[in-house]
Amino acid sequence: MSDLQQQVQNTIDELVKSGAERALQVAVYKDGDLVVDAVAGTDPATGRAITGDSPIYSSSTGKSLTSAVVHVLAEQGVFSYDTPIAELWPEFAAHGKQNATIRHALAFTVGVPGVPEDTTADDLLDWDKITTALADTEPWWEPGTKVGYHPQTFGYILGEVVRRATGKPISQVLHEEIAAPLGLEREIYLGVPEAELSRVARLEQVGPQIDLEQLRAMMPTFFKIAPPAVQLSVELCNRDDYLKADIPAGGTLTARGVAKVYAALAGQLPGTKPLVSGERLAEISAVAVADTDQIFGMPTQYALGYSIGRPVPDAPAGATTIGWPGAGGSVADVDLTNNIAFAVTKNRFTAGDYTNIAPISALVTKSLT
């Protein structure tokens, strides 16, 4: 066992022992080699020990998979980033969205940040209902002119683009184009097959539920685009029908699986064809938009389909890092400067708190950069 593997294992063992976490998985690829594959803790639903191949619902960290599918199809020439969405999905042209492009959707500038305000949790499972509603939505701004986080609609819009372009649901394309070639058929999902549900490590709520009414008073615009009925919760994310559905703004995955996807995207896996060319990777990882976020009212920037940086105080200085944190506290990304793919998944839902990720990230940064 390497020193880094042992140090990471000791850290996550202590997080579990102290009660700070229930279970964690950590995976790190360096120059294409898996140098950390650590796991600790148990599934609160069954009491079983978590293993490296136990998928965990990881909310927006699953956007990593959706973006990867889109980039692979663009690499294959199925469409380009500047293809108008309405060219593939004619109904999307309604209400002045005819010039909205796939690039706009990837960069959160398409102007359709929210599901309808009366959307229920059950509605999220109805692909046709949601995509029909989004096609008929009037944009909040002219596509391409402003930026704002699209927490749920990112997945539906790009997922429908993939479905219209290929004739297949995005979960099937993920399986065929990425999971199977990388040997990750049982580790990365946008919709979990019925037969695999028993392997999914369920989430755990700690402390009181978030006071949604108080939070809505603090962030009214966010609750306009993601109404209380569809806000992420342990109860929702543990539902079998939610896990099985194609909802590609989130995903169910292992740390090892999503880290390998990032390593493959960056062309770092020896003997494995990169998911995209070096030229495309450079385009993907460049800053696609930098402006004031219309939802949160703060400066933001995105690459094409990814956030930029890692939400911890000790992220590698000066590195180009693209990836996705998840609302539950998971993180996955790739540091293109130092050739490091990094992922932490966990089953304690900590609502955007990445405090316990920080010491793990610090160990990796100190050891490998």
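In this text the structure is predicted, and so the values were computed from the model without any measurement. (Residues numbered from 1 in each chain as written. Predicted model: local features only at pLDDT ≥ 70, side-chain atom pairs only at ≥ 80, totals over all residues. Heavy atoms only, no water.)

Things to note about the overall build of the protein chain
Now for step 1: In terms of helices and strands, the protein chain carries 14 helices and 13 strands.
Now for step 2: Whereas a compact globule of 369 residues would reach a radius of gyration of roughly 21 Å, the protein chain reaches 19 Å, a difference of no more than 12%.
Now for step 3: Each principal axis of the C-alpha distribution contributes one length, and for the protein chain these read about 55 × 45 × 40 Å.
Now for step 4: When the 369 residues of the protein chain are sorted by exposure, 57% land in the buried category.
Now for step 5: Restricting the contact set of the protein chain to residue pairs at least 6 apart, pairs at least 24 apart contribute 70%.
Now for step 6: Accessible surface, the protein chain as shown: approximately 14100 Å² in total, 50% of it carbon and sulfur.
Now for step 7: Separation between the mean location of the 27 positive side-chain charges and that of the 44 negative ones in the protein chain comes to 3 Å. (Helix = DSSP H or I, 4+ residues; strand = E, 2+ residues; numbered from the N terminus. Rg over C-alpha atoms; globule rule 2.2 N^0.38 Å. Buried < 20%, exposed > 50% of the residue type's maximum accessible area, 1.4 Å probe, protein only. Contact = heavy atoms within 4.5 Å. Areas by Shrake-Rupley, 256 points an atom, 1.4 Å probe, with all protein chains shown as cover. Lys, Arg positive; Asp, Glu negative; His and termini not counted. Charge placed at Lys NZ, Arg CZ, Asp CG, Glu CD.)

Digging into the environment of T221
Now for step 1: Mapped onto the elements of the fold, T221 is located in helix α9 (residues 220–225).
Now for step 2: Taking the relative accessible area as the measure of exposure, T221 reaches 26% and is therefore partly exposed.
Now for step 3: Along the chain, T221 and I170 lie 51 residues apart, while their C-alpha atoms are 29 Å from each other.
Now for step 4: Beyond its immediate stretch of four places on either side in the chain, T221 contacts W140, Q294 and I295.

Side note on the sheet that holds strand β6 (residues 252–253)
Now for step 1: Spatial ordering of the open sheet is given by β3-β6-β4, a layout of 3 strands whose pairing is antiparallel. Strands with a single pairing partner mark the edges of an open sheet, and in this sheet they are β3 (56–57) and β4 (188–189).
Now for step 2: In terms of strand pairing, β4 meets β6 through 2 bridges, oriented antiparallel. Of the residues in β6, the one forming a bridge with Y189 is T252. (Pairing = 2+ DSSP bridges.)

Quick word on empty space enclosed by the protein
Now for step 1: Inspection of every chain in the model, using the stated rule, returns 2 cavities of 30 Å³ or more.
Now for step 2: Roughly 60 Å³ of volume is contained in the largest cavity.
Now for step 3: Lining the largest cavity are Y57, S58, S59, L203, G328, G329, S330, K346, N347, R348 and F349.
Now for step 4: Here the residues of the lining of the largest cavity sort into 3 nonpolar, 6 polar and 2 charged.
Now for step 5: When its volume is computed, the second largest cavity comes out at roughly 40 Å³.
Now for step 6: Along the walls of the second largest cavity sit Y57, L190, Y242, L243, A245, I247, G250, G251 and T252, which together make up its complete lining.
Now for step 7: Broken down by class, the residue content of the lining of the second largest cavity amounts to 6 nonpolar, 3 polar and no charged. (1 Å grid on protein atoms, 1.4 Å probe; cavity = no way out; pocket = protein on both sides within 12 Å on 5 of 7 lines; lining within 4 Å. Points joined across faces, edges and corners; volume = space filled by probe spheres on them. Nonpolar A, V, L, I, M, F, W, Y, C, P; charged D, E, K, R; others polar.)

Regarding the pattern of salt bridges
Now for step 1: Under the defined criterion, the tally for this structure stands at 20 salt bridges.
Now for step 2: With its nearest N and O atoms 3.1 Å apart, the salt bridge here joins R186 to E196. Of this pair, R186 sits in the loop between α7 (170–179) and β4 while E196 sits in the loop between β4 and β5 (204–205); the two residues are 10 residues apart in sequence, bridging distant segments of the chain.
Now for step 3: For R186, a relative accessible area of 44% puts it in the partly exposed group.
Now for step 4: Taken together, the shared-partner salt bridges in this structure form one network comprising E91, E160, R163 and R164. (Salt bridge = Lys/Arg side-chain N within 4 Å of Asp/Glu carboxyl O.)

Digging into helix α5 (residues 127–135)
Now for step 1: Taken together, the buried positions of α5 are occupied by W127, I130, T131, L134 and A135. Here the buried residues of α5 occupy an arc of 135 degrees about the axis, which is enough to place them on one side.
Now for step 2: Next to the buried residues of α5 lie α6 (153–166). (Arc of directions from axis to C-beta.)

A word on the environment of E196
Now for step 1: We classify E196 as buried; its relative accessible area is 14%.
Now for step 2: Taking the C-alpha atoms as reference points, E196 and K244, 48 residues apart in sequence, are found 9.4 Å from one another.
Now for step 3: Beyond its immediate chain neighbours, meaning those up to four positions away, E196 contacts R186 and Y189.

Quick look at the layout of surface pockets
Now for step 1: When its volume is computed, the second largest pocket comes out at roughly 190 Å³.
Now for step 2: What lines the second largest pocket is simply V72, E75, Q76, E177, I178, P181, L182, T272, K273, P274 and L275.
Now for step 3: Looking at the lining of the second largest pocket, the elements that each hand over two or more residues are α2 (63–75) and α7.
Now for step 4: A per-class count over the lining of the second largest pocket returns 6 nonpolar, 2 polar and 3 charged.

Quick look at the pairing of strand β12 (residues 340–346)
Now for step 1: In terms of burial, β12 is largely enclosed, as 7 of its 7 residues are buried.
Now for step 2: Going residue by residue along β12, you find I340, F342, V344 and K346 tucked away on one face and A341, A343 and T345 tucked away on the opposite face as well.
Now for step 3: Across 7 bridges, the pairing between strand β1 (residues 23–30) and β12 is antiparallel. What sits directly across from A27, in β12, is A343.
Now for step 4: Where strand β11 (residues 331–335) lies against β12, 5 bridges are found, and the strand directions are antiparallel. Of the residues in β12, the one forming a bridge with V331 is V344.

Note that every value here comes from positions in space, so none of it alone points to a role or purpose.
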